[in-house]
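Residue-level structural notes
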Amino acid sequence: FPYTKNKDEMKYKNLIFIAIVAFTTLVGSWVIPSLAQKMTDESKGYPLMYYSARLKELCMIDFRTHPDFFSDIKGNRYARADYDSLLPLLNARQLMLDGTMPDSIDGHAIDMKTLRMTQVMFRYRPQDMQMPQPPMGVLFEAMPKRGKLTLPGDYFTLTDRITFTDAETNTTDEKKSKRFQEEMQKKGFAFPAQGYWGNPSTRKPYEEGYFCLDAHGELFHLKMVNGRPFVKNTHLSDSLDIRWFVMSEVSDKRFYGFVFGREGEVGIIESTAEGGYFFRRLDIRLFCPEKDQLTILGNLLYWTVSVTDNQGMDTYGLDTETLSCLSSYYQPVKQVMWDSVSEWLFPFRLSLQSEENAFINLYWHTGTWKAFLLNALLALSALLLFRRTSPARRGLCAGWVLLTGIPGWVALLIMKKEN
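An account of the accompanying structure is given in this report. (Residues numbered from 1 in each chain as written. Predicted model: local features only at pLDDT ≥ 70, side-chain atom pairs only at ≥ 80, totals over all residues. Heavy atoms only, no water.)

1. What to know about the overall build of the protein
What the protein contains, in helices and strands, is 10 helices and 23 strands. Expected size for 419 residues packed as a compact globule is a radius of gyration near 22 Å; at 30 Å, the protein overshoots this value by more than 25%. Each of the 419 residues in the protein was classed as buried or not, and the buried ones make up 44%. At a minimum sequence separation of 6, the contacts of the protein that also span at least 24 residues come to 48%. As displayed, the protein offers around 23,400 Å² of accessible surface, 55% of which is attributable to carbon and sulfur atoms. Separation between the mean location of the 49 positive side-chain charges and that of the 48 negative ones in the protein comes to 8 Å. (Helix = DSSP H or I, 4+ residues; strand = E, 2+ residues; numbered from the N terminus. Rg over C-alpha atoms; globule rule 2.2 N^0.38 Å. Buried < 20%, exposed > 50% of the residue type's maximum accessible area, 1.4 Å probe, protein only. Contact = heavy atoms within 4.5 Å. Areas by Shrake-Rupley, 256 points an atom, 1.4 Å probe, with all protein chains shown as cover. Lys, Arg positive; Asp, Glu negative; His and termini not counted. Charge placed at Lys NZ, Arg CZ, Asp CG, Glu CD.)

Below is the structure:
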């Protein structure tokens with residue numbers, strides 16, 4: 001039956017043709033945009049932003065672009081020679097070496113020890129939340145006898161119960177585990193724990209243990225004092241739905257760390273005079289931990305806070321004591337050639353990396369309607385390219401190019417055959 005045989009052969013050939021075109025289009029949707037991006041993209045960095053204790057305004061510093069001056073957000077320019085004196089808390093070390101550091105600023109005595117103790121440097125990126133968290137923690141002694149933090153020789157896990165395991169023998173310390181378990185249950189901690197955050201390093205000035213989120217969303221403070229468990233409900237969850245926490249044992253012991261709420265709140269946890277816990281919110285716009293980056297440069301008098309997303313960067317000058325906003329400034333993201341190229345050339349593209357996390361994966365990016373104008377022209381060229389094939393195949397090829405654009409057109413060009 002030669003007719004049946006030829007018909008089956010054509011069927012399989014068509015299926016193979018479709019599979020190869022689809023695969024080539026998929027690969028082209030990654031390779032072609034990647035090459036175009038390498039040729040047209042450039043850095044979208046922002047200038048350094050810092051709140052001046054002298055000018056009482058946010059300043060923009062970018063000596064690579066403007067080597068002779070820096071400016072404030074109102075457009076006033078200042079000579080580079082005045083850079084150190086107008087930003088004394090940023091350039092304190094240089095002013096100290098020059099002997100020109102003022103004794104006080106705004107009634108606050110200035111000395112290097114105080115400046116170092118009140119310095120805050122913090123950065124948050126979406127991948128900090130997305131990356132796998134350590135399945136175990138290390139609880140140091142909070143009041144070491146010799147004043148130096150040392151490894152306790154065990155680690156703990158906190159899931160449906162707290163368990164301490166000896167690091168050398170890999171056996172469970174039943175007595176210690178039971179002691180901490182009973183104390184946590186006594187203070188109202190509901191298992192299983194949703195998460196726990198600490199700083200398991202000896203390279204810090206003191207130990208504040210861990211902040212643990214229980215099954216009911218209550219945030220507890222857990223640490224070890226003289227070998228005994230210290231467990232306390234912070235009661236911050238009464239007014240804040242906690243999403244994430246970052247421990248930061250700062251030198252002046254002003255706060256425990258940075259906390260992120262599910263409604264976009266960002267702030268610090270302070271200790272009250274009565275031994276309680278207080279959430280002091282940063283006076284900034286709502287923050288999305290999945291998409292936004294946060295950078296804080298703090299000193300004795302002011303904090304400079306920058307929040308960056310795909311659209312631009314918001315910068316705030318905050319009062320250190322109250323964290324209330326004194327000045328704010330918005331910079332849209334720099335538009336480069338790649339932004340225009342991607343809008344007009346690619347209705348969609350694939351990549352192995354994302355701006356929102358650090359994991360290698362296959363990411364889908366959609367473009368704009370503008371790319372379909374070029375797709376329409378390429379679809380017309382596909383009709384000419386396959387003019388000698390059957391009308392059905394010619395129509396399918398044109399539709400495929402209209403949908404996929406340049407990658408689909410290149411795939412068909414590679415697989416072109418005459419009938």
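Text resumes after the structure shown.
2. Some thoughts on the sheet that holds strand E16 (residues 266-271)
Pairing in this open sheet of 4 strands is antiparallel, and the strands run E14-E15-E16-E17 from one edge to the other. Looking at which strands have only one partner, the edges of the open sheet turn out to be strand E14 (242-247) and strand E17 (277-281). Taken over all neighbouring pairs, the strand axes of this sheet differ in orientation by 30 degrees on average, direction set aside. By the bridge criterion, 5 bridges tie strand E15 (residues 255-261) to E16 in an arrangement that is antiparallel. For Val259, the partnering residue across the bridge sits in E16 and is Gly267. (Pairing = 2+ DSSP bridges. Axes fitted to C-alpha atoms, helices over the stretch in contact; angles between N-to-C directions.)

3. Digging into the sheet that holds strand E10 (residues 195-198)
Strand pairing in a sheet relies on backbone hydrogen bonds. The paired strands run either parallel or antiparallel. Pairing is antiparallel in the open sheet, where 4 strands are placed in the order E10-E11-E12-E13. What marks the edges here is a single partner per strand, and that holds for E10 and strand E13 (228-233). The mean angle between the axes of side-by-side strands here comes to 25 degrees, regardless of whether they run parallel or antiparallel. Judged from the 6 bridges that link them, strand E12 (residues 219-225) and E13 form a sheet pairing that is antiparallel. The residue of E13 that forms the bridge with Val225 is Arg228. Contacts from helix H6 (residues 174-186) reach E12 and E13 within the one sheet, and its direction differs from that of E13 by about 25 degrees.

4. Side note on the packing of aromatic side chains
Two aromatic rings are characterised by how far apart their centres lie and by the angle between their planes. Inspection of every chain in the model, using the stated rule, returns 26 aromatic pairs. Pairing Phe156 with Tyr196 gives two aromatic rings, centres 5.5 Å apart and planes at 40 degrees, and the pair type is tilted. One end of the pair, Phe156, is in strand E8 (residues 154-158); the other, Tyr196, is in strand E10, with 40 residues separating them in the sequence. Residue Phe156 is classed as buried on the basis of its relative accessible area, which comes to 0%. (Phe/Tyr/Trp six-rings, centres within 6.5 Å; stacked < 30°, edge-to-face > 60°.)

5. Things to note about the side chain of Ser351
Here Ser351 shows up in strand E22 (residues 348-351). You can call Ser351 buried: its relative accessible area is 11%. Polar side-chain contacts of Ser351 include one of 2.7 Å to the side chain of His365. Not counting residues within four places of it along the chain, the set of residues in contact with Ser351 comprises Trp30, Asn361, Leu362, Tyr363 and His365. (Polar contact = N/O pair within 3.5 Å; in protein donor to acceptor, adjacent residues only side chain to side chain.)

6. Brief notes about the pattern of salt bridges
The full count for this structure, using the stated rule, is 17 salt bridges. In this structure, Asp106 engages Lys56 in a salt bridge whose closest nitrogen and oxygen atoms are separated by 3.2 Å. In this pair, Asp106 sits in the loop between strand E5 (104-105) and strand E6 (108-109) while Lys56 sits in the loop between strand E1 (48-52) and strand E2 (57-61), placing the two residues 50 residues apart along the sequence. Here Asp309 ties to Arg285 by a salt bridge, and the two come within 3.4 Å at their closest N and O atoms. Of this pair, Asp309 sits in the loop between strand E19 (302-308) and strand E20 (312-319) while Arg285 sits in the loop between E17 and strand E18 (293-298); the two residues are 24 residues apart in sequence, bridging distant segments of the chain. (Salt bridge = Lys/Arg side-chain N within 4 Å of Asp/Glu carboxyl O.)

7. Here's the deal with unusual backbone geometry
Following Phe191, the chain continues into Pro192 via a peptide bond in cis, with omega recorded as 0 degrees. One can find Pro192 in the loop between H6 and E10. The backbone phi angle of Lys253 is positive, close to 55 degrees, even though this residue is not glycine. Relative to the helices and strands, Lys253 resides in the loop between E14 and E15. Of note, Leu323 is a non-glycine position whose phi angle comes to about 60 degrees, a positive value. Residue position: Leu323 is located in the loop between E20 and strand E21 (325-332). For Leu323, a relative accessible area of 1% translates into the label buried.

8. Some thoughts on the nonpolar core
Grouped together as the largest cluster of nonpolar side chains are 37 residues, with contacts concentrated most on Phe258, Phe260, Ile269, Leu294, Ile296 and Trp303. Ignoring anything within four residues of it in the chain, the contact list for Phe258 reads Val120, Phe122, Trp244, Phe245, Val246, Ser248, Gly267, Ile268, Ile296 and Trp303. Tyr51, Met60, Met101 and Leu115 belong to the second-largest nonpolar core, a separate cluster that totals 27 residues. (Core = buried A, V, L, I, M, F, W, Y, C linked by side-chain atoms within 4.5 Å.)

9. With respect to the environment of Val305
Structurally, Val305 is set in strand E19. A relative accessible area of 0% places Val305 in the buried class. With 23 residues separating them along the chain, Val305 and Ser328 place their C-alpha atoms 9.3 Å apart. If sequence neighbours within four positions are ignored, Val305 has contacts with Ile284, Leu294, Thr295, Ile296, Asp314, Thr315, Tyr316 and Leu318.

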